[in-house]
Amino acid sequence: FVSSNGLRGSFPDEILHLTNLVSLQLDFNSFTGKLPTDLKLLSKIEQLSLHNNNLEGPIPDVFASMTNLHLLLLQSNRFSGFI
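A short tour of the structure in this document, coming up. (Residues numbered from 1 in each chain as written. Predicted model: local features only at pLDDT ≥ 70, side-chain atom pairs only at ≥ 80, totals over all residues. Heavy atoms only, no water.)

## A short note on the side chain of S49
So, step 1. On the secondary structure map, S49 appears in strand β4 (residues 47-49).
So, step 2. In contact with S49, not counting residues within four places along its chain, are L24, Q25, L26, D27 and L73. (Helix = DSSP H or I, 4+ residues; strand = E, 2+ residues; numbered from the N terminus. Contact = heavy atoms within 4.5 Å.)

Next comes the structure, spelled out in structure tokens:
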């Protein structure tokens, strides 16, 4: 859990190397920019919570291929498009 820690900047690419990660909660921070398409590297992720940040741009298509993902929280960002 790294929620509500006042973290800023773009989505940390270092997280993409944690390939055994099953839950990631980065909500209520101040992340900006687009989500990386390399999120697919987190193939074991089951829960991904990125709500209440300042992320923007299109929602990556990669979520459709993340077969273990059963909880995805993206609300209260500035995303465009559909999932």
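That shown, we press on.
## Thoughts on the sheet that holds strand β6 (residues 71-73)
So, step 1. Judged by pairing direction, the sheet is parallel, and its three strands sit side by side in the order β2-β4-β6 without closing on themselves. Both edges of this open sheet fall to β2 (23-25) and β6, since each of them pairs with a single strand only. Across the sheet, the mean angle from the axis of one strand to that of its neighbour is 10°, orientation sign disregarded.
So, step 2. Two elements, β2 and β4, share three bridges in a ladder whose sense is parallel. Paired with Q25 across the bridge in β4 is S49. (Pairing = 2+ DSSP bridges. Axes fitted to C-alpha atoms, helices over the stretch in contact; angles between N-to-C directions.)

## Some remarks on the pairing of strand β5 (residues 54-58)
So, step 1. As judged from the two bridges shared by strand β3 (residues 30-33) and β5, these two strands associate in the parallel manner. Paired with T32 across the two strands is N54, which belongs to β5.

## Thoughts on the sheet that holds β5
So, step 1. The sheet built from four strands is open, its strands ordered β1-β3-β5-β7 with parallel pairing. Both edges of this open sheet fall to β1 (8-10) and β7 (78-80), since each of them pairs with a single strand only. Here the average twist between neighbouring strands, direction ignored, is 20°.
So, step 2. Both β5 and β7 contribute to a ladder of three bridges, which runs parallel. Bridging from a neighbouring strand, E56 pairs with R78 of β7.

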